[in-house]
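What follows is each chain in one-letter form.
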Amino acid sequence: MQTLEEIGSGSSLVLALYGFITVAFGAAVVIHFKKSKATLNLNLCTCMHLLLLFFGLFLSYSYLPQYTGVVFFGLCCYTVFRTIRSNAILSPQGKAVLITGCDLGFGHTLAKRLHSLGFHVFATVLHEDGDGARVLKSFGSDRLMVIQMDVTNWAMVQEVEKKIGKQLENKGELPFGRLSPYSTSKAALELFADILRQEMKPWEVQISIIQPGATKTGQVGNAEVWEQDYGKLVENLSPALLRDYGEEYFAELKQAILTIGPLFRQHVDPVIETIVTALLVQHPKPRYTTEYIVDVLKILYYFLPSFMSDVILNEVFIAHKLLPKGVRSSNISQ
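Summary of the structure given here. Each chain has its residues counted from 1, running along the sequence as written. The model is predicted, so local features are restricted to residues of pLDDT at least 70 and side-chain atom pairs to those at 80 or more, both for listing and for counting; the totals for chains, interfaces and linings are taken over all residues. Only hydrogens and water are removed before side-chain values are computed, so all heavy atoms of the structure are retained for them.

1. Some words on the pattern of salt bridges
And step 1. For this document, the term salt bridge refers to a Lys or Arg side-chain nitrogen within 4 Å of an Asp or Glu carboxyl oxygen. In total, this model carries 6 salt bridges according to the counting rule given.
And step 2. Glu190 is the partner of Arg287 in a salt bridge, and the nearest nitrogen-oxygen pair spans 3.1 Å. Here Glu190 lies in helix α7 (residues 180-199) and Arg287 lies in strand β5 (residues 287-289), a separation of 97 residues in the sequence.
And step 3. Since its relative accessible area comes to 28%, Arg287 is described here as partly exposed.
And step 4. Residue Asp194 is joined to Arg287 by a salt bridge in which the shortest nitrogen-to-oxygen separation is 2.7 Å. Placement of the pair is Asp194 in helix α7 and Arg287 in strand β5, with a sequence separation of 93 residues.
And step 5. Look at the salt bridges and you will find they share partners, linking Glu190, Asp194, Arg197 and Arg287 into a network. Runs of E in the DSSP output that reach at least two residues are strands. Runs of H or I that reach at least four are helices, and both are numbered from the N terminus. Three labels apply to residues, based on accessible area from a 1.4 Å probe with only protein chains included: buried if under 20% of the type maximum, exposed if over 50%, partly exposed otherwise in between.

2. Structural notes on the side chain of Thr46
And step 1. As for its position among the elements, Thr46 is in helix α2 (residues 44-63).
And step 2. Residue class for Thr46 comes out buried when judged on its relative accessible area of 2%.
And step 3. Two N or O atoms count as a polar contact when they lie within 3.5 Å, although within protein this holds only if one can serve as hydrogen donor and the other as acceptor, and sequence-adjacent residues are included solely when both atoms are side-chain atoms. A distance of 2.7 Å separates the side chain of Thr46 from the backbone oxygen of Asn41, its partner in a polar contact.

3. Some remarks on helix α6 (residues 154-167)
And step 1. For α6, with 14 residues, the first-to-last C-alpha span of 20 Å sits near the 20 Å given by 1.5 Å per residue.
And step 2. For α6, every residue scored as buried is listed here: Val160, Ile164 and Gly165. The arc enclosing the buried residues of α6, seen along the axis, measures out at 140 degrees, which places them on a common side. Those residues of α6 that are exposed and angled more than 90 degrees off the buried face are Glu159, Lys162 and Lys166.
And step 3. Any two residues whose heavy atoms approach within 4.5 Å are treated as being in contact. Residues of α6 that are buried in the fold lie against β1 (96-99), β2 (120-125) and β3 (144-148).
And step 4. The residue sitting at the N-terminus of α6 and contributing the capping side-chain oxygen is Asn153; that oxygen lies 3.2 Å from the backbone nitrogen of Ala155. Any helix carries an expected span of 1.5 Å times its number of residues minus one. Read the arc as the range of directions from the helix axis to the C-beta atoms.

4. Examining the packing of aromatic side chains
And step 1. Between rings of Phe, Tyr and Trp, where Trp is taken as its six-membered ring, a pair exists when centres lie within 6.5 Å; planes separated by under 30 degrees are stacked, by over 60 edge-to-face, and by other angles tilted. For the structure on display, the rule yields 4 aromatic pairs.
And step 2. With a centroid separation of 5.6 Å and 50 degrees between ring planes, the pair formed by Tyr18 and Phe73 is classed as tilted. Taken together, the residues Tyr18 in helix α1 (residues 4-35) and Phe73 in helix α3 (residues 66-86) connect sequence positions 55 residues apart. A single burial state applies to Tyr18 and to Phe73, both of which are buried.

5. Details of the nonpolar core
And step 1. Definition used in this section: a nonpolar core is a set of buried Ala, Val, Leu, Ile, Met, Phe, Trp, Tyr and Cys residues joined via side-chain atoms within 4.5 Å. If you look at the biggest cluster of nonpolar residues, it comprises 20 residues, and the most contacted ones within it are Ile99, Cys102, Ala111, Leu114, Val121, Ala123 and Leu136.
And step 2. Among the secondary structure elements, those contributing two or more residues to this core are β1, α4 (105-117), β2, α5 (131-137), β3 and α11 (269-280).
And step 3. A total of 5 residues in this core trace back to one element, the largest contributor, which is α11.
And step 4. Formed by 17 residues, the second largest nonpolar core is a distinct cluster that contains Val29, Phe33, Ile84 and Leu90.

6. A word on the pairing of β3
And step 1. In this sheet, β3 lies alongside β2 in parallel orientation, the contact comprising 5 bridges. Paired with Ala123 across the two strands is Val146, which belongs to β3.
And step 2. Considered for its hand, the β-α-β crossover made up of β2, α5 and β3 is right-handed. Only strands joined by at least two bridges in the DSSP assignment are considered to pair. When the strands point away from the viewer and the connection leading from the first strand across the helix to the second strand turns clockwise, the crossover is called right-handed.

7. A word on the sheet that holds β2
And step 1. The 3 strands are arranged β1-β2-β3 in an open sheet whose pairing can be described as parallel. The open sheet terminates on both sides in strands that have one partner only, identified here as β1 and β3. Adjacent strand axes in the sheet meet at a mean angle of 15 degrees when their direction is disregarded.
And step 2. When β1 meets β2, the two strands line up parallel, connected through 4 bridges. Looking across to β2, one finds that Ala96 is bridged to His120.
And step 3. Lines are fitted to the C-alpha atoms to define the axes, a helix being fitted only along its stretch in contact, and any angle between axes, read from their N-to-C directions, falls within 0 to 180 degrees. Against the sheet, α4 engages β1, β2 and β3, with an angle of about 170 degrees to β1.
And step 4. α6 contacts β1, β2 and β3 of the sheet and is inclined by roughly 160 degrees relative to β3.

Quick look at the structure:
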């Protein structure tokens, strides 16, 4: 049985350990940022983690066995330190970024945002005489260069690479149903980025995937653009394909997309700020999501039985009441 003197001695030792861990945590943060080129990012995430750390201290000391509490608090400090280090912000000064698709949408807004932060921006556009290019050129800044480039034209891509290389003085190298082409291209890009991230680790090149979710841009969720694209789609369909599906099938798909368009996020700021964060944090995450609905849909897709996820993803979000013309004709003949 412990005496009161032994209990008091044990409590003093535990308090000393708590104090040592707290001082070590503070010293680790100070030393890290003195040695690092990054600065402490006191954003909401960092502040919440610090508040949770104080809560962890209270919980550890008040409710857990003495030495268990010390270990738990030590783990909390280590976790918060890693979070603070990961959220550290690098200076954009002297950094260059190449952005494709700056005619409109995310690319256009991101080019202006990064330029305002001090980045040297190479903004590529498909139409050099378009409205988007003219807006960017109007900045008249030597840190914002507008370059015409078609990403599907390899010769043009190589020419742009050489042009950017000269500017940098050679300091460095540069699945929903019925939407199968769009969905598969996005899925392929995401898988490619995941593999590229692993392959580029030895070169200390960091790759992050940004999942913007349903956001209205110059194209996505834009009724006028969908009307134009729909006309081009119908004109370019082969007679056989148009016969099998029927023009009314595509008209219904267009109407469904136009109907959900107003439900999209109407401004791109959250996506742009997420990209800025990925560019400036010292240790960027492999993947950023700007809408939790994306994570929810992934959980539904991977963990629910296929028949249930098919109904949710294909019948609720992009529902088709009308069957392809060829299927209807076949049903009638039977």
